[in-house]
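Structural features, examined
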2 protein chains.
Amino acid sequence: MSDALDLEALVNRYLSTVAAGKAADVAALYAEDATLEDPVGCGEVHIGRQAIEGFYKNVEGAEVKSELLSFRAGGTEAAFMFALTVAGAMRIEVIEVMAFNTDGEITSMKAYWGPENVTQLG
Amino acid sequence: MSDALDLEALVNRYLSTVAAGKAADVAALYAEDATLEDPVGCGEVHIGRQAIEGFYKNVEGAEVKSELLSFRAGGTEAAFMFALTVAGAMRIEVIEVMAFNTDGEITSMKAYWGPENVTQLG
């Protein structure tokens, strides 16, 4: 029943869960066999919920704020731009693409950003 | 030599070629076996340069302006947001994701937008 999924609500839940900072909670939003590539192009793809939790462990504990800037839905996929502010000191603007299964779990996530999208805050 | 590709320049060339309006010229930016999905989620994927040219034939002749709003590169992929203005009457803001081969040809294009991203002008 993918038509019934509110992908923008799922993306907002994802962003608020990332900001809340618990790696296990973020990983729980992903399907068991999901894939995560962040940033795209660095050559590393995290496969499976356990590996994905490990990825989010790296940023656990940081004071993070998230803000959805633009959102596009297409079928069971979403593309969106958002800003992450870390410890009030650094702002990163990212474009992500996510696919979802019919249960609303994230099956793949790809994050597009680079050093040129990171701003040091005054 | 993907590291040598300037993906932002390739995306800007794509957008200006779309605005120039010749379907064959836009199709020539794609690899022979490229895929195109626009919009994502409508269930139709155009496969191969000839089918892609057919897709762009649909909009040939319209007076189109394009403007790159945000750009992210990741390896041989790019994600970007842009605005298309059609006949000065309609503005569409789209997020696209493209992959490129080492010759700089587009191997896949996915466009994320929907009716909610179309604004009637003036």
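Residues numbered from 1 in each chain as written. Chains lettered and ligands numbered in written order. Predicted model: local features only at pLDDT ≥ 70, side-chain atom pairs only at ≥ 80, totals over all residues. Heavy atoms only, no water.

**Points about the pattern of salt bridges**
- A complete count under the given rule lists 14 salt bridges over all chains for this structure.
- Linking B:Glu60 and B:Lys57 is a salt bridge whose minimum nitrogen-to-oxygen distance equals 3.4 Å.
- In this structure, a network of salt bridges that share partners links the residues A:Glu67, A:Arg91, A:Glu93 and B:Arg72. (Salt bridge = Lys/Arg side-chain N within 4 Å of Asp/Glu carboxyl O.)

**Considering the packing of aromatic side chains**
Residue and element names in this part refer to chain A.
- By the definition in use, this model includes 8 aromatic pairs over all chains.
- For the ring pair Tyr 30 and Tyr 56, a centre distance of 6.1 Å and an interplane angle of 45 degrees mean the geometry is tilted. One end of the pair, Tyr 30, is in strand β1 (residues 30-37); the other, Tyr 56, is in helix α3 (residues 49-57), and 26 residues separate them in sequence.
- According to the relative accessible area criterion, Tyr 30 is buried, its value standing at 0%. (Phe/Tyr/Trp six-rings, centres within 6.5 Å; stacked < 30°, edge-to-face > 60°. Helix = DSSP H or I, 4+ residues; strand = E, 2+ residues; numbered from the N terminus. Buried < 20%, exposed > 50% of the residue type's maximum accessible area, 1.4 Å probe, protein only.)

**Some points on the interface of chain B and chain A**
- Across the boundary between the two partners, chain B contributes 21 residues, which contact 21 residues of chain A.
- Summing both partners gives a buried area of about 1600 Å² for chain B against chain A, and 57% of it is carried by carbon and sulfur.
- The largest contributions to the chain B side of the interface with chain A come from B:Arg72, B:Ile95 and B:Tyr112, which together make up 39% of the buried area.
- Counting across the chain B and chain A interface gives 4 salt bridges.
- As a salt-bridge pair, B:Glu77 and A:Lys110 come within 2.9 Å of each other at their nearest N and O atoms.
- Remark: the boundary between chain B and chain A carries 8 residue pairs in polar contact (both at pLDDT 80 or more). (Contact = heavy atoms within 4.5 Å. Buried area = accessible area lost by both parts, 1.4 Å probe. Polar contact = N/O pair within 3.5 Å; in protein donor to acceptor, adjacent residues only side chain to side chain.)

**What about the relation of the copies chain B and chain A?**
- When chain B is fitted onto chain A, the two copies agree to an RMSD of 0.1 Å after a turn of 180 degrees and an axial shift of 0.0 Å. Overall, the copies show the geometry of a two-fold rotation axis.
- In this assembly the copies share their binding face: 100% of the residues contributing to the interface of chain B also contribute to that of chain A. (Least-squares fit on C-alpha atoms with pLDDT ≥ 70 in both.)

**Things to note about the UniProt feature "domain: SnoaL-like" (unreviewed entry) in chain A**
- The positions that UniProt labels "domain: SnoaL-like" (unreviewed entry) are, in the present scheme, residues 11-108 of chain A.
- Helix makes up 24% of residues 11-108 of chain A and strand 46%. Its end C-alpha atoms lie 13 Å apart. (UniProt positions renumbered as here; feature names shortened; annotations may be inferred.)

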